[in-house]
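Understanding the architecture of this molecule
Residue-level listing of the chains:
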Amino acid sequence: MVSRAKRLVRGGICALALAPLMHALAAAPAAENSGGWGLLNMPEGVTSVSREIHDIHMVVFWICVWIGVLVFGVMFYSMFAHRKSRGHKPATFHESTTVELVWTIIPALILIVMAFPATRTLKELYDTSEADLDIKVTGYQWKWRYDYLGTDVGYMSELATTQASVYGQAPKTQFYLEEVTEPVVIPVGKKVRFLITGADVIHSWWVPELGVKRDAIPGFVNETWALAKEPGIYRGRCAELCGKDHAFMPIVVNAVPEEEFNTWLAAKQADAAALRELTEKTFTLEELMAKGDEVYGRSCASCHGASGEGIPGAFPALKGSAIAQGPVADHLDIVVNGKPGTAMQAFGAQLSEVDLAAVITYERNAWGNKTEDNIVQPADVFQFKQER
Amino acid sequence: MAHGPAKGIRRWLFATNHKDIGTMYLWFSFTMFLLGGFFAMVVRAELFEPGMQIVRPEFFNQMTTMHGLIMVFGAIMPVFVGLANWMIPMMIGAPDMALPRMNNLSFWILPFGFTLLASTLFMEGGAPNFGWTFYAPLSTTYAPPTVNFFIFGIHIIGASSIMGSINIIATILNLRAPGMTLMKMPLFAWTWLITAFLLIAVMPVLAGAVTMMLMDINFGTSFFDAAGGGDPVLFQHIFWFFGHPEVYIIIIPAFGVISAIIPTFSRKPLFGYSSMVYATAAIAFLSFIVWAHHMFTVGMPIAGELYFMYATLLIAVPTGVKVFNWVSTMFRGAITFETPMLFAIAFVVLFTLGGFTGVMLAIAPADIQYHDSYFVVAHFHYVMVAGALFSSTAAVYYWLPKWCGRMYNETMGKVHFWVSFIGFNITFFPQHFLGLAGMPRRYADYSLQFADWNMVSSIGAFIYGASQLLFLYNVIATIVAGRKVSDPKIWEGAEGLEWTLPTPAPYHTFSTPPAVK
Ligand SMILES: [Cu+2]
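Residues numbered from 1 in each chain as written. Chains lettered and ligands numbered in written order. Predicted model: local features only at pLDDT ≥ 70, side-chain atom pairs only at ≥ 80, totals over all residues. Heavy atoms only, no water.

As for the overall build of chain A
In terms of helices and strands, chain A carries 10 helices and 10 strands. Radius of gyration (C-alpha) of chain A: 29 Å, far over the 21 Å computed for a compact globule of 388 residues. Relative to its full complement of 388 residues, chain A shows a buried share of 48%. Contacts spanning at least 24 positions in sequence make up 66% of the contacts within chain A whose residues lie at least 6 apart. When the accessible area of chain A is evaluated, it comes to approximately 17,900 Å², of which 61% is carbon and sulfur surface. (Helix = DSSP H or I, 4+ residues; strand = E, 2+ residues; numbered from the N terminus. Rg over C-alpha atoms; globule rule 2.2 N^0.38 Å. Buried < 20%, exposed > 50% of the residue type's maximum accessible area, 1.4 Å probe, protein only. Contact = heavy atoms within 4.5 Å. Areas by Shrake-Rupley, 256 points an atom, 1.4 Å probe, with all protein chains shown as cover.)

Here is the structure:
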């Protein structure tokens, strides 16, 4: 009897020794962004919400570890001590209401303890009132649009990594699949409210370091918020499966000091005004083709293929397409207004008049396409939009 | 014995014998397991390193989708129906299933359902690519044209499940041997009885969801289309009202299997039988009222979030009771470690790990970070693979000698176990890290900081995948040329009516009901 008790104690000590070991393991890779092997845990992030989430995560994690150590401790002890090969004779007990009650009630109490901080954090996370700045975030197949409400600043933010790099024809650089054409810029220390919606399918806007993930759902506007405490570049991703290029629509948030933000916003406003002027200019075919090639590669090639070949059964080829070689009005119509009920989006609100003119002109002349009206000017696009 | 099996193909086509139908279910499910596993290998091969090397993103999405659909509906659900067919009549002293012809039908429509589903791989537009959860509008407005085949495939699979469930309920409620009261039934019968009710309750909901999709796609309705006044989030509510009970449909029969194996190899009766029954029923009930914990990021009102968080946390209580009971069964037993026991022990450990991450996921604010990341992928593979699959593997090793009167090769079984166990953990443990570090699920490609653990995970997957071929070989070798055994009680510690029957189990058993005291 004595020796059994001794053995039990020894087994228990062994099991308990495991937990601190795991503590040490988890603490070891403190250098977080060292990448690769060191990336083991959730980032603490730079907002109060993200930090609270991190804390709850760690508390629940350690509770689980300790329960695991106890349960598995008993189990491994039995596996070791109560083996038939060691001549152990089986006991016959098989029920005990008291024990059942104990292990119903204690876990329930532990769960209640966990629920308190969780409720508090959730309330904070849901408090979107009194924001200093509103940014509308729209998920498109496969890019994001940011509109600074109350200003006329709004732009698309798309993957900047090249297809060549994805398909191994060019090297992968440090921010492979984490770089965008233009990041969303927010001021540090200000409460920014994000109004999140989707233009086609459901996406999800996730920036771990801001502690924000919210679905971008067509027909709904979801609200969430973040107050970045430190300047920096925070990278996130689309988290809801949204079709082919789900993995290729990253998010980059640039949190800058307030003055820098104001300067940036003013410059963007000026850009918007300048772009309106460009709309009046008449371009040459060469200019439009050069610009169009760039816009096509960025906005259209993912579906219609790098050389207009499309994907059979899903996305039509534009090479030899009747619309691309037919009347300009039809071509403008499908690009500006899209085709409801298909993956072909309305690009009218996504691209500037200049970009639209360029990409349409490009499609009418590239890959051997031939048609009479082969040039479309920004002014034509502008007029087309007005007529609607 | 009145007569033996029919000859040739007629034996299988017109099968009404529960053992034959059980066998067909098991082989069907293993075939689907290999197919779904092959898709997983494609996925892991593509994710071996950053960049697209093997497939294109659109095909990658087809692979993840088909992997999920085939594994859930084709491998795991049928394997337990197969085990139920074989074992429930033998465990409760019944001559056969209550509705043998329906049994035949419910099996034979399955291959058609899955052929319909898999044939889309060869069609224009490709197979379903919207994930096994097929959220609208990606699965409606934006779906490939083959989505209609998917919808009818789901209908057929659902009909099969419902028929199978009716049959199991009718068998258990009507054909128990005299004296076998409900509270004397083996736990496997209990868990299946509860599962069957879950299935009957939620398969029609799934059928409703896909029918609404069918209407939206082909007949101009707008159930899920915001532009027409519909609601994409409604889809998720309906789907998860089915989907959450579905995960318990998958795991509850596994509880039954484990509750048979652990006592046998501990040579000690199951601890807390009645609390096991109540816990199972409690889990089944709770599974109906927690569905929106899969939707913590859709923007529900905070009251909804809180409710679903609290309700979900509750599930940990009866689940904990089960684990504690299994451990107490082992405690002070006389344990041996044959292959079924090894898988059962691994089940308890790994399923509990999956349960822990489940509790973490239930914490709504933390789920904001976990949701749709690899952390979730790790979590559900711990409960699905190490839970459902390990337990069905354990079940096959446990009962195979009874079924065919031949012993499997124990050494090979142990090798299979260790390679599976190690391969499984190499595959899925690092996925916790990936998810916490920010890698979303269903990504065809990823940024460089995720490269190391992804490569480890892929290597593990290849190991785990390869080890299943060993299993296949071991099973076939046993059936064809295994060492003959004839002791009714294959395992020293086994209890129950099935072990009173001769080995191998004759074609017809319990034509006269046994007496149960
Ligand atoms: Cu997306």
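From this point, the discussion proceeds with the structure in view.
A short note on the nonpolar core
With 267 residues, the main nonpolar core has Tyr 148 and Trp 205 of chain A together with Phe 73 and Phe 150 of chain B as its most contacted residues. Take this core: its biggest share by element is 22 residues, from helix α3 (residues 57-92) of chain B. Beyond its immediate stretch of four places on either side in the chain, Trp 205 of chain A contacts Val 137, Trp 144, Tyr 146, Val 184, Phe 194, Ile 196, Val 212, Lys 213, Arg 214, Arg 237, Ile 251 and Val 253 of chain A. (Core = buried A, V, L, I, M, F, W, Y, C linked by side-chain atoms within 4.5 Å.)

Examining the sheet that holds strand β5 (residues 192-198) of chain A
Residue and element names in this part refer to chain A. Reading across the sheet, the 5 strands line up as β3-β2-β1-β5-β8 and stay open at both edges, with mixed pairing between neighbours. Each edge of the open sheet is held by one strand with a lone partner, namely β3 (154-157) and β8 (222-226). Recorded for the sheet is a direction-independent mean angle of 25° between the axes of neighbouring strands. Pairing geometry for strand β1 (residues 133-140) and β5, over 7 bridges, is parallel. Bridge assignment links Leu 133 to a residue of β5, and that residue is Val 192. Contacting β1, β2 (143-148) and β3, helix α5 (residues 258-278) runs over the sheet at an angle of about 100° to β2. (Pairing = 2+ DSSP bridges. Axes fitted to C-alpha atoms, helices over the stretch in contact; angles between N-to-C directions.)

Details of the interface of chain A and chain B
Quoted interface sizes are often the accessible area lost when the parts come together. The interface of chain A with chain B comprises 95 residues on the first partner and 100 residues on the second. Summing the contributions of chain A and of chain B, the shared interface buries around 8,400 Å²; its carbon and sulfur component is 70%. Between the two partners, chain A and chain B, sit 1 salt bridge. Counting residues per element, the ones that place at least two in the side of chain A that touches chain B are α2 (48-81), α3 (97-126), β7 (212-216) and β9 (232-238) of chain A. Of all the elements, α2 of chain A adds the most residues to the side of chain A that touches chain B, at 17 residues. Across the side of chain A that touches chain B, the residue classes break down as 52 nonpolar, 26 polar and 17 charged. (Buried area = accessible area lost by both parts, 1.4 Å probe. Salt bridge = Lys/Arg side-chain N within 4 Å of Asp/Glu carboxyl O. Nonpolar A, V, L, I, M, F, W, Y, C, P; charged D, E, K, R; others polar.)

A short note on the coordination of the copper ion
All names here are of chain A. At 2.1 to 2.6 Å from the copper ion lie its protein donor atoms, namely His 203 (ND1), Cys 238 (SG), Cys 242 (SG) and Met 249 (SD). The site at the copper ion holds 4 donor atoms, and with the angles between them running 94 to 130°, its shape is tetrahedral. Ordering the donors of the copper ion by residue number gives the pattern H-x34-C-x3-C-x6-M. In this structure Cys 238 comes out as buried when scored by relative accessible area, which is 0%. (Donors = N, O, S within 2.8 Å, 3.2 Å for Na, K, Ca; no water. Tetrahedral: all angles 85-135°; square planar, octahedral: opposite > 155°, others 65-115°.)

A short note on the confidence of the model for chain B
Within chain B, residue pLDDT values average 95, and 99% of them lie at 70 or more. Across the interfaces of the predicted complex, the ipTM metric reaches 0.92, alongside a pTM of 0.87. (pLDDT = per-residue confidence, 0-100.)

Some remarks on the pairing of β2 of chain A
Residues and elements named next belong to chain A. Burial analysis of β2 places 6 of its 6 residues in the buried class, the great majority of the element. Because side chains alternate across β2, one face comprises the buried residues Lys 143, Arg 145 and Asp 147, and the other comprises Trp 144, Tyr 146 and Tyr 148, equally buried. Note: β1 against β2, 6 bridges, orientation antiparallel. In the sheet register, Val 137 faces β2, and the bridge partner there is Tyr 146. As consecutive antiparallel partners, β1 and β2 are separated by 2 residues. Here β2 hands over to β3 after 5 residues, with Gly 150 in that stretch at a positive phi of 90°.

Examining α3 of chain A
With 30 residues, α3 of chain A extends 43 Å from end C-alpha to end C-alpha; this agrees with the ideal 44 Å at 1.5 Å per step. All of the buried residues in α3 of chain A are Glu 100, Trp 103, Pro 107, Leu 111, Met 114, Ala 115, Ala 118, Thr 119, Thr 121, Leu 122, Leu 125 and Tyr 126 of chain A. (Expected span 1.5 Å × (residues − 1).)

Focus: the pattern of salt bridges
Side-chain pairs of opposite charge can arise where the charged atoms are in close proximity. For the structure on display, the rule yields 16 salt bridges over all chains. Residue Arg 298 of chain A is joined to Glu 294 of chain A by a salt bridge in which the shortest nitrogen-to-oxygen separation is 3.6 Å. Taken together, the residues span about one helical turn, with Arg 298 of chain A and Glu 294 of chain A both in helix α6 (residues 285-299) at a distance of 4 residues. Overall, Glu 294 of chain A belongs to the partly exposed group, its relative accessible area being 44%. Connected through shared salt-bridge partners, Lys 84 of chain A together with Arg 267 and Glu 492 of chain B make up one network.

Side note on the packing of helix α10 (residues 339-362) of chain B against helix α12 (residues 374-404) of chain B
Residues and elements named next belong to chain B. Packing of α10 against α12 brings their axes to within 8 Å, and their N-to-C directions diverge by 160°. With respect to each other, α10 and α12 are oriented roughly antiparallel. In this structure, α10 crosses over α12, and the sense of that crossing is left-handed. Classifying every residue of the contact of α10 with α12 gives 19 nonpolar, 9 polar and no charged. (Parallel < 35°, antiparallel > 145°, perpendicular 65-115°, else oblique. Left-handed = near helix turned anticlockwise from the far one by under 90°.)

Describing a nonpolar patch on the surface
On the surface, Leu 101, Ile 105, Leu 109, Ile 112 and Phe 116 of chain A cluster together to form a nonpolar patch covering roughly 530 Å² of accessible area. The exposure class assigned to Phe 116 of chain A is exposed, which follows from its relative accessible area of 61%. (Patch = residues over 30% accessible without salt bridge, like charges linked within 9 Å, V, L, I, M, F, W, Y side chains within 5 Å.)

Re the sheet that holds β7 of chain A
Residues and elements named next belong to chain A. Here we have 5 strands laid out as an open sheet, ordered β4-β10-β9-β6-β7, and mixed in their pairing. Here the strands that pair on one side only, and so sit at the sheet edges, are β4 (184-187) and β7. Adjacent strand axes in the sheet meet at a mean angle of 25°, parallel and antiparallel pairs treated alike. Bridge analysis of strand β6 (residues 203-207) against β9 gives 2 bridges, and the strand direction is antiparallel. Note on β9: the bridge partner recorded for Trp 205 is Cys 238.

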